[in-house]
Amino acid sequence: MTLWNNNLLINVPEIDAQHKKLIEAIDELMDACFKGQGKDKIEKTLRFVIDYTKKHFSDEEKLHIQNAYPEAAAHKQLHVGFITAITQLERDFKVEGATPGLSIKLNKVLMDWLIAHITVQDKKYANFIRKNA
């Protein structure tokens, strides 16, 4: 199951490609959790999601600076909050394993937050960039 769809496009090609890859990785992680796949598979995929998210956020923040986005600091704080939440999920996974409760938390934190972030915050800065290019 893939949650990627064209409503998530912000029309910044590099960022759109990263969003798509990130959502595909989260889909893979959720699928592994729901299928009860091995701890190693889930841990590896979760680690990829965390590392890729950090890279993606860094790339977005560079665009904010390059384009003098006035809400860059607030946007960065949203990123920090997400990294904190996902890192806590990783710690929970190491303690609890792939429990149904953790799968629900993963889905809520990863997909709900990310999709809302893309459709609201990222589209807002993309519109700013287009208007001021």
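Read on for an overview of the structure. Bear in mind the structure is a predicted one, so any value in this text is a computation, not a measurement. What you see as residue numbers is a count from 1 along each chain, following the sequence as written. Totals for whole chains, interfaces and linings use all residues, but because this is a predicted model, local features are given only for residues with pLDDT of at least 70 and pairs of side-chain atoms are given and counted only at 80 or more. Where side-chain values are given, they derive from all heavy atoms of the structure, hydrogens and water being excluded.

1. Description of the environment of Phe 48
Line of reasoning, step 1. Among the structural elements, Phe 48 can be located in helix H2 (residues 39-66).
Line of reasoning, step 2. Type-normalised accessible area, obtained with a 1.4 Å probe on protein chains alone, sets the label of each residue: buried when under 20%, exposed when over 50%, and partly exposed for intermediate values. Accessibility expressed as a relative area gives 34% for Phe 48, which makes it partly exposed.
Line of reasoning, step 3. Sequence separation between Phe 48 and Phe 82 is 34 residues; the distance between their C-alpha atoms is 15 Å.
Line of reasoning, step 4. It only takes one pair of heavy atoms within 4.5 Å for two residues to be counted as in contact. Not counting residues within four places of it along the chain, the set of residues in contact with Phe 48 comprises Lys 21 and Ala 25. Under the scheme used here, helices are H or I runs from DSSP no shorter than 4 residues and strands are E runs no shorter than 2 residues, and both carry numbers assigned from the N terminus.

2. Thoughts on the nonpolar core
Line of reasoning, step 1. We call a set of buried Ala, Val, Leu, Ile, Met, Phe, Trp, Tyr and Cys residues a nonpolar core when their side-chain atoms join them within 4.5 Å. Core analysis: the biggest nonpolar cluster contains 35 residues, and Ile 26, Leu 29, Val 49, Leu 106 and Leu 110 have the highest contact counts within it.
Line of reasoning, step 2. Contributing elements (two or more residues each) for this core: helix H1 (13-34), H2, helix H3 (72-96) and helix H4 (100-132).
Line of reasoning, step 3. Discounting residues that sit within four places of it in the chain, Leu 29 has contacts with Ile 42, Thr 45, Leu 46, Val 49, Leu 106 and Leu 110.

3. Here we look at the packing of H3 against H4
Line of reasoning, step 1. To obtain each axis, a line is fitted to C-alpha atoms, and for helices this fit is confined to the stretch in contact; angles are then taken between N-to-C directions over 0 to 180 degrees. Axis separation between H3 and H4 bottoms out at 11 Å; the angle between their running directions is 165 degrees. Accordingly, the angle class assigned to the pair H3 and H4 is roughly antiparallel. At the point where H3 passes H4, the crossing takes the left-handed sense. Within the contact between the two elements, H3 uses His 75, Leu 78, His 79, Phe 82, Ala 85, Ile 86, Leu 89, Asp 92, Phe 93 and Glu 96 and H4 uses Leu 102, Lys 105, Leu 106, Val 109, Leu 110, Trp 113, His 117, Gln 121, Asp 122 and Tyr 125.
Line of reasoning, step 2. Only Asp, Glu, Lys and Arg are considered charged, only Ala, Val, Leu, Ile, Met, Phe, Trp, Tyr, Cys and Pro nonpolar, and every remaining residue, Gly among them, polar. Grouping the amino acids of the contact of H3 with H4 by side-chain chemistry returns twelve nonpolar, four polar and four charged. In this scheme, roughly parallel covers angles under 35 degrees and roughly antiparallel covers those over 145, while 65 to 115 is roughly perpendicular and the rest are oblique. Should the near helix be turned anticlockwise from the far one by less than a right angle, the crossing is termed left-handed; should it be turned clockwise, right-handed.

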